[in-house]
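Chain and residue survey
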Amino acid sequence: MQMEVLPDKRHATVFTWLHNWDWKRHMEMMAAVICGVLLFVAWWMQKERLGLALALFIAAYVIGGFAKAKEGAVTLIRERELDVNLLMFVAAIGAAAIGYWLEGGMLIFIFAVSGALESYTLAKSEGDLSSLIKLKPEQARLWTEDGEEHLVPAGQLKQGDLILVKPGERIAADGMIRKGVSSVHEAAITGEAMPAEKKEGSEVYAGTTNGEGSLIIEVTRAGDQSVVARMVRLIEQARSEVPPVQTKIERIEKIYVKAVLLLTGLLMLLPPVFFDWSWKESLYRAMIFLVVASPCALVASILPALLAAISNGARQGILIKSGKQLTNLAGLKVIAFDKTGTLTAGRPQVTDIRPFGEWSETELLQAVASIEGLSEHPIARAFAEYAAANGVKPEKVESLTAHPGKGIEAEYKGSRWFIGKPRAFSEQNREVGEIVRKWEDEGKTVILAAKDGEIAGCFALRDQIRPEAAEMVRELKKQGILVAMLTGDQRKTAEAIAEEAGVDLVFADLLPEEKVRLVEELKETYGEVAMVGDGVNDAPALARAGTGFAMGGEGTDLALETADVILMKDDLLKIPYLIRMAKKLNRVVKQNVIFALSVIGLLVAANFIQWMNLPFGVVGHEGSTILVILNGLRLLK
């Protein structure tokens, strides 16, 4: 009997790993490793088999230096500019030309390693972008009213379509749930690890993963208008825009490289004439100067750190439209918040009930909730939610008439009811007046309910402060940042919310143009200003502030397009987190620039007084480049 030979599971695992390995992404590091191995073998063999050793040195030069030499050649041909890549390859060839094959090879090897690390940072940022692009499924289940489903390309979906999403499937477009209850994993969009509970009326995003229940979703934004598509555009924009300091360094690099080549030529020719150096010594010192004076570390001081910070933010559900905004945030002095929907949840809630006469709280609540249940006003929703939470079921209302700016009138159980704000009631007794004044002084909205002309009770409502708002304000103050509130709401309400949150400056009763004026005044008085908002009326102030934050979870499209930073999950604690990261980025960049310039200065000085040899120059210069890149990569965590 022939026995079946089962494959070794360990071998299968190795082959699977090799098959799934992203060879293209790691090609540059692989070339650097091969270059290092060839250099070691060539160095070990050069005394006994010089010819083979030279061949291995040449192979190491070609494999390790090809990518950077190609970049330098392309820059030279297309832009007619010399860059640091070509400078390094020239230095390596020069070292080999005077017999220092190992030293030139070490230069290429370490330069290749630093280049691979820089490419890793860029690939990490691109990986976050690619993962977003891959989120959206290619197909969707188009659902018809008669219960039929058809698989269609996701790109063909349009606003108003109904789609079916089964358990475990990705949602193909932004939309509103029409049927079904489920939990949805939104980590890729909001940065929140825990699934979000969704029900009828809840908003969902393309690319998020449905949990255990089937959902019927009405498409509200499809294709390029979805949150995922907008996130991709924003990350691409952020990666393409760099801080002004990076642009200055890149401009300086072009002049600097030419100056280094000119000084290298002079160093080859002048010392034998003026300092009695030998031609060999002069050429050797010129090659060391070419290596150590190259601005590799300086060029790598900013961009890897910036890309790491942007990538970190994206994973936390913070979208940064432009890299220069991180520079602005590092010097932030004041941050101004809109109140409604930003510091508060944007949904009023019933906080107090006071019945009069023979009415009980339950009877009064049932009457008012029944009448308000016919309205779509936010206050009506607050009554409905409070009644449901207290087990009170609305009853039938015969008729309802709305009086804009005053209240609503209804026929309920044979009596005429009127519900509205205190100013709509011509007569109020002393007890009612005292309660109204007390609640209004606490920053609450007061609603009175009258039956057949007699006040039956009053209610207090207030937009509740977000749970994390006070902690967020404390964190900002620890960082030395002044916190202001700009709101169109009445001053008493604004001051009550500000006191609860710990806000320093309060500006109330503001029109949108007045918010813009105050942002400018804060900027003139204190310095760098940021603005946080979520509504249409916040967009002008967001645009005028040095950095505008938009609440992405419920923020309007205009605010999202205007803002510089978007909080995909309405978590205010992400703001101090981002500011801390911006300050850390600023410190890292300063450390890198100072370190890079110091190393270049010390190595150049040591070379001129002949205390420097080529191997030490190579290790010192390229080692400093690797160190500044690794320092920048700390921002990924």
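Note: the structure precedes this text.
Just so it is clear, the structure is predicted and the values come from calculations on it, not from any experiment. (Residues numbered from 1 in each chain as written. Predicted model: local features only at pLDDT ≥ 70, side-chain atom pairs only at ≥ 80, totals over all residues. Heavy atoms only, no water.)

Right, let's get into the nonpolar core. Note on soluble globular proteins: their nonpolar side chains tend to be buried together. Judged by nonpolar contacts, the single largest core of 103 residues is most densely connected at Leu326, Ile335, Phe337, Leu476, Phe549, Ile575 and Leu578. Apart from the residues within four sequence positions on either side, Ile335 is in contact with Leu476, Ile481, Leu482, Val483, Ala484, Ala530, Val532, Phe549 and Ile575. Counting 24 residues, the second largest nonpolar core, distinct from the first, contains Ile353, Ile371, Ile408 and Leu461. (Core = buried A, V, L, I, M, F, W, Y, C linked by side-chain atoms within 4.5 Å. Buried < 20%, exposed > 50% of the residue type's maximum accessible area, 1.4 Å probe, protein only. Contact = heavy atoms within 4.5 Å.)

This part is about the sheet that holds strand S8 (residues 209-210). In spatial order, the strands read S6-S5-S8; together these 3 strands make up an open sheet with antiparallel pairing. Each of the sheet's edge strands pairs with one partner strand only, and the pair in question is strand S6 (196-198) and S8. Bridge analysis of strand S5 (residues 182-185) against S6 gives 3 bridges, and the strand direction is antiparallel. Looking across to S6, one finds that Ser182 is bridged to Lys198. (Pairing = 2+ DSSP bridges. Helix = DSSP H or I, 4+ residues; strand = E, 2+ residues; numbered from the N terminus.)

Compared with the 28 Å implied by 1.5 Å per residue over 20 residues, the 29 Å span of helix H24 (residues 614-633) between its first and last C-alpha is a close match. Between the side-chain oxygen of the N-cap and the backbone nitrogen of Phe616 there are 3.0 Å, and the N-cap of H24 in question is Asn613. (Expected span 1.5 Å × (residues − 1). Polar contact = N/O pair within 3.5 Å; in protein donor to acceptor, adjacent residues only side chain to side chain.)

Of all the 12 residues making up strand S17 (residues 454-465), 10 are buried; the element is thus mostly covered by neighbouring parts of the structure. As defined by bridge partners, strand S12 (residues 344-355) adjoins S17 across 8 bridges and the pair is classed as antiparallel. Directly across from Val350, in S17, lies its bridge partner Leu461. One ladder, built from 7 bridges, connects strand S16 (residues 445-451) with S17; its direction is antiparallel. Each bridged residue has a counterpart across the sheet, and for Ala450 the counterpart in S17 is Ile455.

With that out of the way, let us pick up the pairing of S16. Taking burial as the measure, the 7 residues of S16 include 5 buried ones, the bulk of the element. Relative to S16, strand S15 (residues 415-420) runs antiparallel, the two being bridged by 4 bridges. Its bridge partner lying in S16, Trp417 is registered against Lys451. Taking the residues that link successive antiparallel strands as the turn, the S16-S17 hairpin has 2 residues, and the phi of Asp452 there is positive, at about 50°.

Let us look at helix H4 (residues 84-97). Helix length check: H4 (14 residues) gives 20 Å between terminal C-alpha atoms against 20 Å at 1.5 Å per residue, within 8%. Where H4 is concerned, the buried positions are Val84, Asn85, Leu86, Leu87, Met88, Ala91, Ala92, Gly94, Ala95 and Ala96.

A few words on the sheet that holds S12. Across the sheet, which stays open at both edges, the 6 strands sit in the order S12-S17-S16-S15-S14-S13 with antiparallel pairing between neighbours. The outermost strands of the open sheet, each flanked by one partner alone, are S12 and strand S13 (399-403). Within the sheet, the average angular offset between the axes of one strand and its neighbour, ignoring direction, is 20°. Taken together, the 5 bridges between S13 and strand S14 (residues 407-412) define a ladder with antiparallel strand orientation. Residue pairing in the sheet places His403 in a bridge with Gly407 of S14. Where helix H16 (residues 378-389) meets the sheet, it contacts S12, S16 and S17, and its direction lies at approximately 65° from that of S12. Sitting on the sheet, helix H19 (residues 491-501) is in contact with S12 and S17, with an inclination near 45° to S17. (Axes fitted to C-alpha atoms, helices over the stretch in contact; angles between N-to-C directions.)

This part takes up the pattern of salt bridges. Considering all chains together, one arrives at 24 salt bridges under this definition. Put simply, Glu169 and Arg141 hold a salt bridge, and the shortest N to O gap is 2.6 Å. Taken together, the positions of Glu169 in the loop between strand S3 (162-165) and strand S4 (174-179) and Arg141 in strand S1 (residues 139-143) put the pair 28 residues apart, joining distant regions of the chain. For Glu169, a relative accessible area of 23% puts it in the partly exposed group. Linking Arg491 and Glu495 is a salt bridge whose minimum nitrogen-to-oxygen distance equals 3.1 Å. Of this pair, Arg491 and Glu495 both sit in helix H19, 4 residues apart, which is roughly one turn of the helix. A relative accessible area of 35% means that Arg491 is categorised as partly exposed. Through salt bridges with shared partners, a single network forms among Arg141, Glu149, Lys166 and Glu169. (Salt bridge = Lys/Arg side-chain N within 4 Å of Asp/Glu carboxyl O.)

With that settled, consider the packing of aromatic side chains. Scanning all chains against the criterion turns up 8 aromatic pairs. Considering the side-chain rings of Trp359 and Trp417, the 5.3 Å spacing of their centres and the 75° angle between planes classify their relative orientation as edge-to-face. Here the residue Trp359 occupies a position in the loop between S12 and helix H15 (361-372), and Trp417 occupies one in strand S15, the gap between them amounting to 58 residues. Relative accessible area serves as the criterion here: at 2%, Trp417 is assigned to the buried category. An angle of 70° between the planes, with centres 5.4 Å apart, marks the rings of Phe418 and Phe425 as edge-to-face. The same class applies to Phe418 and to Phe425, which are both buried. Three or more aromatic residues joined by ring pairs make a cluster, and in this case those are Phe57, Tyr61 and Trp101. (Phe/Tyr/Trp six-rings, centres within 6.5 Å; stacked < 30°, edge-to-face > 60°.)

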